Amino acid sequence: MASEAEIEREVMRHAMQTGWLQRKLRFINVNGAPDRLLIYKGSHIYIEFKALNGKLSPSQHLEIKRLRDSGANVFVVDNVVEGKKILDDARKTINSKRS
């Protein structure tokens, strides 16, 4: 079973190969920030990585809810295939809106 760090590393490698700008996140004075912000052609998504079947902490649940309630796209990813699919689907959607 892949660790959270291994999943994050592989998905971020795919992100860089497919044109996403990515940044590791840490919010000042706010617990529960998603692990990564990814930006592609002016659109952005947040990803929180977990090991397979990993659980969000209460502060992560709260912060993800806050972000989603504000209209942000936030995903919780616990495997490489799912993470790559999220990025590929988002990229296709963004590209189709720009055509």
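Here the structure is a predicted model, which is why all the values come from computation and not from measurement.

**Points about the overall build of the protein chain**
Then comes step 1: What the protein chain contains, in helices and strands, is three helices and four strands.
Then comes step 2: The helix and strand sequence of the protein chain, counted from the amino end, reads α-β-β-β-α-β-α.
Then comes step 3: Taking 13 Å as the expected radius of gyration for a compact globule of 99 residues, we find that the protein chain reaches 13 Å, a close match to that expectation.
Then comes step 4: Along the first, second and third principal axes, the C-alpha atoms of the protein chain reach 40 × 35 × 20 Å.
Then comes step 5: The burial tally for the protein chain puts 40% of its 99 residues in the buried class.

**Brief notes about the sheet that holds strand 1 (residues 21-24)**
Then comes step 1: Strand order in this open sheet of four strands is 1-2-3-4, and the pairing throughout is mixed. A strand with exactly one partner marks an edge of an open sheet, and here the two such strands are strand 1 and strand 4 (74-77). Within the sheet, the average angular offset between the axes of one strand and its neighbour, ignoring direction, is 25°.
Then comes step 2: Bridging between strand 1 and strand 2 (residues 36-40) involves four bridges; their strand directions are antiparallel. Looking across to strand 2, one finds that Gln 22 is bridged to Leu 38.
Then comes step 3: Sheet contacts for helix 2 (residues 58-69): strand 3 (43-49) and strand 4; angle to strand 4, the most-contacted strand, approximately 145°.

Definitions and cut-offs
Residues numbered from 1 in each chain as written. Predicted model: local features only at pLDDT ≥ 70, side-chain atom pairs only at ≥ 80, totals over all residues. Heavy atoms only, no water. Helix = DSSP H or I, 4+ residues; strand = E, 2+ residues; numbered from the N terminus. Rg over C-alpha atoms; globule rule 2.2 N^0.38 Å. Buried < 20%, exposed > 50% of the residue type's maximum accessible area, 1.4 Å probe, protein only. Pairing = 2+ DSSP bridges. Axes fitted to C-alpha atoms, helices over the stretch in contact; angles between N-to-C directions. Contact = heavy atoms within 4.5 Å.

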